[in-house]
Amino acid sequence: MEKFGIGQAVRRREDERFLKGEGRFIDDISLPRQLFGVVVRSQHAHARLVSVDTCDASAAPGVVRIVTIEDCRAAGLGPIPSMTAIEGIDPDSLQHPARYPLADGTVKYVGEPIVFVVAETVAQARDAAELVFVDYETLPAMVDLAASLDDEAVQVWEGHETNRAFRFTKGDARAVATVFAAAPRVVSLDLINNRVAPSAIEPRGSIGEYDAPAGRYTLHVSGQAVHGNKMQMAAAVFQTEPDNIRVVAGDVGGGFGAKNFVYPENILVMLAARLSGRPVKWIAERTETFFAEIHGRDHVTHAELALDDDGVFLGLRVATTANMGAYLSSMAPVIPTAASWVSMGGNYGIADVYMEVNAAYTNTVPVDAYRGAGRPEAAYIIERLVDVAALELGCEPDDLRVGNFIRAFPHQMSLGMTIDCGDFASTHSLAMQSAGLDHSNARKKHAAARGKLRGVGTSSYLEVTLGMPSDGTEIRFEDDGKVTLLVGTHSTGQGHETAYSQIVHEVLGLAFEDISIVQGDTDLVATGGGHGGSRSLMIGGSAMLGAAGKVREKGMAAAAHILDADLDDIVFADGLYAVRGTNLSITLLELERALREAEDLPEGVEHTLGSSATFERTRHSFPNGCHVAEVEIDPDTGSVVLVDYTVIDDFGRILNPLIAAGQVYGGCVQGIGQALLEQIVYDDQSGQIFTGSLMDYALPRADDLPAMTVQFNEAAPTDTNPLGVKGAGEAGATGAPAAIANAVIDALKDHGVRHLEMPFTSEKVWRAIKAAQT
């Protein structure tokens, strides 16, 4: 049997199924008597609904039901929940207007659902949706985040004195103010973390079923957190017992955080199924996704770094205005607060840090978690500040980094997190060597001879493995002689089937073809924390390791009984139990079969080796690394070309180098996309979205990217979990934006450019060059 255990670069076993078209995604599901739903959405960013006339639509061919806000009220639906109980949020500042699956009297953003048309076919539902007449009384819209908290700002919510959703603080403001007052040098920077669309390859979709006699809903969804969605909808929306809701997610074509949440459409298909007595399916069209799915990032920040005369970092002060959109999405308050402060200050020994966040409502699509969710924003702040400080001090940015790296562990950060381990200096050094920075000046001269501006940028990022803190797994032996792994995490393309199979193979010696995975079904898997925060391997993988260990240990006593040997003489290796010094042996699967057939078993020996285990995180792990980007800019056009990209990551123990590298590549591409191409743009006056399709919203393509170098530094293993791993899924998106930004500014600094905002489009860069020449 081939070895496919921990540390092996095993090709993803699920890919064969996907490449053959054998995946089962949400739009592959068709249920008997299924109906189709189409959402009628607001055409305005802010308006009163004078009337909504559905008469013509109701009479259209094939229409079965039109769900309205009155139906939501009659069903007793509660508002969609959001997590607001966060330490550091001033409760007196919190404003949390109710959000229902359909607009209630007013619309607050372009794309907000107004009615839900249900028909026999999707074409009939679309045609009928065109017949719904909505009479709007348009109102002024607030889109400009930077001005949203001004006294004269248009109010998103009538009756509110301010657009502020809440105020959050972390750190000792007075102590930090004292440090800044005494600091020999203070560097400040205003920056924007631009709004982006998650843009998974598979759009969102859902199918609702209702069993009237049982009073039970089933939701099939392209999602990441089935258990969380079930509990939130049961408690807050449908106000029923959790057992009355089942949530199922099969294969998911990407999520990036955006598919974690309770969305209006998921509720609507469930309610429509109850009202119509038939299953109801809704699949977002690609353009619709720009309105029907959360956006990410969108922060305006003023940041300050205090230093002494030797360039030692003394203090960090950050004030951010964070866009919430028109409503608080499920996890939206967490992202700029609890998910951001945990890594604020990065890999540097900064003794005093203070951050303040004012979250603001605007007439835009709600904003929530997008790959990295708070940590990329924190990394961008400190890594840009370091380069600005180096420019003002007249020193090399990487010398400033190395001189301020944390070197002794465990290290308690100013805001409270304790970094257990790391070797930031060696990771940085490996990145410098791999990127060949000793020869970067020669490359700049060669570029200049060709009329190009070449720049090098570094980003030494710090990540934190977050997400739900515990998960359980079960290893179940089936009647057909195979083994099923039941997991509470959820893969949206990360390769979990392969990773979990490798763990089980390492411990139990089982072949991949004998292992299957069950995930994403709240009826089959009792509990689960889903996907998010790069948690799956650290939490779910550790639980799987524990369950496999229990199977192995149960098998020792069982083998001793079946083989009629002393327990001390039983040895196990490569899936085989043997009696030491004899030729007696039995495979793990043979032992399971023998136990099932046995009539009498001694105490402590069960009829199955099946086992379960739970792992609960008690300490966080801290993935970290160093990105190095090189760009060339054409000064005549402003065109930015990424010519080289190097990443050295510390993810602790590497379970599968191929999967880990794949996660880094994907994350980097998303971070590079944000830095160079991607931005959701609204009209400042009307609130109409300008970038509402892939014709206008620029995603990175293969020819936008160089061949990337990705390597791992395993010099600092973690003991926060038995696998010794640190989360890998979001690291690329955390380190990339600042590396690109620093490279662009390095190329332009001789033109007097100190800072530019992402994305670095040709027009923006060209204008900066021309402005510097005047």
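The shown structure was predicted, so the numbers you read here are calculated from the model rather than taken from an experiment.

K.L.:
Please clarify how the sheet that holds strand β25 (residues 611–616) should be interpreted in this entry.
P.N.:
Within a sheet, neighbouring strands are paired by backbone hydrogen bonds and run either parallel or antiparallel to one another. With mixed pairing, four strands are arranged side by side in an open sheet as β21-β20-β19-β25. Of all the strands in the sheet, just β21 (515–518) and β25 have a single pairing partner and so form its edges. Averaged over neighbouring strand pairs, the angle between their axes works out to 20° when direction is ignored. As paired elements, strand β19 (residues 470–477) and strand β20 (residues 483–487) share five bridges and run antiparallel to each other. Bridge assignment links Arg476 to a residue of β20, and that residue is Thr484.

K.L.:
What exactly am I supposed to notice about the pattern of salt bridges here?
P.N.:
Opposite charge on two side chains allows them to pair when their charged atoms are near. Tallying each qualifying case throughout the model produces 46 salt bridges. Glu383 is the partner of Arg401 in a salt bridge, and the nearest nitrogen-oxygen pair spans 2.8 Å. One end of the pair, Arg401, is in helix α10 (residues 397–404); the other, Glu383, is in helix α9 (residues 375–393), with 18 residues separating them in the sequence. Taking the shortest distance from any N to any O, the salt bridge between Arg450 and Glu632 comes out at 2.6 Å. You can see Arg450 sitting in the loop between α12 (440–449) and β18 (453–462) and its partner Glu632 sitting in strand β26 (residues 624–633), a full 182 residues away along the chain. By relative accessible area, which is 10% here, Glu632 ends up buried. Linked through salt bridges whose partners overlap, the residues forming this network are Arg443, Arg450, Arg454, Glu630 and Glu632.

K.L.:
Looking at this model, I keep getting lost on the packing of aromatic side chains. Mind explaining?
P.N.:
The geometry of an aromatic ring pair is captured by the separation of the ring centres together with the interplanar angle, meaning the angle of the planes. Counting across every chain of the model gives 14 aromatic pairs. A ring pair is formed by Tyr109 and Tyr327, whose centres lie 6.3 Å apart and whose planes are at 80°; its orientation type is edge-to-face. Of this pair, Tyr109 sits in the loop between β4 (106–107) and β5 (113–119) while Tyr327 sits in the loop between β14 (313–325) and β15 (352–361), and the two are 218 residues apart along the sequence. When its relative accessible area of 3% is taken as the criterion, Tyr109 is described as buried. Residue Tyr327 is classed as buried on the basis of its relative accessible area, which comes to 5%. Over the ring of Trp157 we find Lys108, and its NZ or CZ is 4.3 Å from the ring centre.

K.L.:
How do you make sense of the side chain of Lys230 when you look at a structure like this?
P.N.:
Among the secondary structure elements, Lys230 is positioned in helix α6 (residues 226–237). The side chain of Lys230 is buried and forms no salt bridge, while Asp243, the nearest opposite charge, is found at 4.3 Å. Those residues within four positions of Lys230 in sequence are excluded, and the remaining contacts are Pro242, Asp243, Ile245, Val247 and Thr522.

K.L.:
Where do I start with the sheet that holds strand β2 (residues 47–53) in this structure?
P.N.:
Pairing within the open sheet is antiparallel, and its three strands lie in the order β4-β2-β6. Every other strand in the sheet has two partners, leaving β4 and β6 (133–138) as the edge strands with one partner each. Pairing geometry for β2 and β4, over two bridges, is antiparallel. Within β4, the residue paired with Arg48 across the bridge is Thr106.

K.L.:
Just checking my understanding: could you explain the pairing of β15 for this structure?
P.N.:
Each regular strand displays side chains that alternate between the two surfaces of the sheet. Most of β15 is tucked away: eight of the ten residues are buried. Note that strand β7 (residues 164–171) and β15 share seven bridges and pair antiparallel. Counterpart to Arg164 in the pairing with β15 is Ala360. In this structure, β14 lies alongside β15, joined through ten bridges in parallel fashion. Paired with Thr321 across the bridge in β15 is Asn358.

K.L.:
Can you walk me through unusual backbone geometry in this structure?
P.N.:
Keep in mind that most residues, glycine aside, have a negative phi and that most peptide bonds are trans. With an omega of 0°, the peptide bond between Phe409 and Pro410 qualifies as cis. Position of Pro410 relative to the elements: it lies in the loop between α10 and β16 (411–412). Backbone torsion omega between Met758 and Pro759 reads -10°, so that peptide bond is classified as cis. Mapped onto the elements of the fold, Pro759 is located in the loop between α17 (731–748) and α18 (762–773). A positive phi angle is found at Ser199, which is not glycine, with a value near 60°.

Cut-offs applied
- Residues numbered from 1 in each chain as written.
- Predicted model: local features only at pLDDT ≥ 70, side-chain atom pairs only at ≥ 80, totals over all residues.
- Heavy atoms only, no water.
- Pairing = 2+ DSSP bridges.
- Helix = DSSP H or I, 4+ residues; strand = E, 2+ residues; numbered from the N terminus.
- Axes fitted to C-alpha atoms, helices over the stretch in contact; angles between N-to-C directions.
- Salt bridge = Lys/Arg side-chain N within 4 Å of Asp/Glu carboxyl O.
- Buried < 20%, exposed > 50% of the residue type's maximum accessible area, 1.4 Å probe, protein only.
- Phe/Tyr/Trp six-rings, centres within 6.5 Å; stacked < 30°, edge-to-face > 60°.
- Lys NZ or Arg CZ within 6 Å of the ring centre and 35° of its normal.
- Lys, Arg positive; Asp, Glu negative; His and termini not counted.
- Contact = heavy atoms within 4.5 Å.

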